[in-house]
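Observations on the three-dimensional arrangement
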Amino acid sequence: MQNEVGGEIADALGVLLRRTTRVQLYKTLTADMGEALDELTYPVLSAVARIGPRSAADLASEVGLDRSGVTRRASRLEQAGLLCREPDPLDRRATLLVLTEHGERAVDELRRRLAAHITASLTTWPPDEAQAFARGLRRFITEGPFT
């Protein structure tokens, strides 16, 4: 029984983590957010918002790109005023990617859109089931194999 549940969860996670699933979600979330913010740049902006100022090299593993890929995407976000580069106080040779005020507002909007998208997908669920799912998922993330 336990193996069946584990397999079911593994299959569901496989769908969620598939690149095409993420890209489609990012396209939906970034629609009408400006030319620089799209399914390619979203992961970089989101990572900076989630983990704070980082170098392109440090962000690379976080978003599954190499440093040059992060740099290209960060440059687009910088040109749009969503990110800026600041000197790294620990390494004078490096720069950190930092959210601007405009970037923070964009992230707030993206998070609002994501929450609304998820909420809309749960409208057919009984409220107690949706709440139990949210609690179970949080517990799985904090106590499960991802810790």
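It should be emphasised that the depicted structure is a prediction, and the values quoted were computed from it without experimental measurement. (Residues numbered from 1 in each chain as written. Predicted model: local features only at pLDDT ≥ 70, side-chain atom pairs only at ≥ 80, totals over all residues. Heavy atoms only, no water.)

A word on the overall build of the protein chain
A count of helices and strands for the protein chain gives seven helices and two strands. Along the three orthogonal principal directions, the C-alpha set of the protein chain runs to about 55 × 30 × 25 Å. Taking as baseline every contact in the protein chain between residues at least 6 positions apart, the subset at least 24 positions apart corresponds to 46%. Accessible area for the protein chain stands at about 10,100 Å²; split by element, carbon and sulfur atoms hold 54% of it. The protein chain carries 20 positive and 21 negative side-chain charges, and their two centres are separated by 4 Å. (Helix = DSSP H or I, 4+ residues; strand = E, 2+ residues; numbered from the N terminus. Contact = heavy atoms within 4.5 Å. Areas by Shrake-Rupley, 256 points an atom, 1.4 Å probe, with all protein chains shown as cover. Lys, Arg positive; Asp, Glu negative; His and termini not counted. Charge placed at Lys NZ, Arg CZ, Asp CG, Glu CD.)

As for the side chain of Ser 55
For Ser 55, the location among the structural elements is in the loop between helix 3 (42-51) and helix 4 (56-63). On the basis of relative accessibility, which here comes to 12%, the residue Ser 55 falls in the buried class. Only 3.0 Å separates the side chain of Ser 55 from the backbone nitrogen of Asp 58, close enough to count as a polar contact. In this structure, Ser 55 is in contact with Thr 95 and Leu 96, ignoring residues within four places of it in sequence. (Buried < 20%, exposed > 50% of the residue type's maximum accessible area, 1.4 Å probe, protein only. Polar contact = N/O pair within 3.5 Å; in protein donor to acceptor, adjacent residues only side chain to side chain.)

Side note on the packing of aromatic side chains
Scanning all chains against the criterion turns up two aromatic pairs. Where Tyr 26 meets Tyr 42, the ring centres are 4.5 Å apart and the plane angle is 35°; that geometry is what we call tilted. Taken together, the positions of Tyr 26 in helix 2 (residues 19-30) and Tyr 42 in helix 3 put the pair 16 residues apart, joining distant regions of the chain. Ring geometry for Trp 125 versus Phe 133: centroids 5.4 Å apart, planes at 65°, classification edge-to-face. Judged by relative accessible area, Trp 125 falls into the partly exposed class, the value being 33%. Under the relative-accessibility criterion, Phe 133 is labelled partly exposed at 44%. (Phe/Tyr/Trp six-rings, centres within 6.5 Å; stacked < 30°, edge-to-face > 60°.)

Some thoughts on a nonpolar patch on the surface
On the surface, Trp 125, Phe 133, Leu 137, Ile 141 and Phe 146 cluster together to form a nonpolar patch covering roughly 470 Å² of accessible area. Note on placement: Trp 125 falls in the loop between helix 6 (101-121) and helix 7 (127-143). (Patch = residues over 30% accessible without salt bridge, like charges linked within 9 Å, V, L, I, M, F, W, Y side chains within 5 Å. Salt bridge = Lys/Arg side-chain N within 4 Å of Asp/Glu carboxyl O.)

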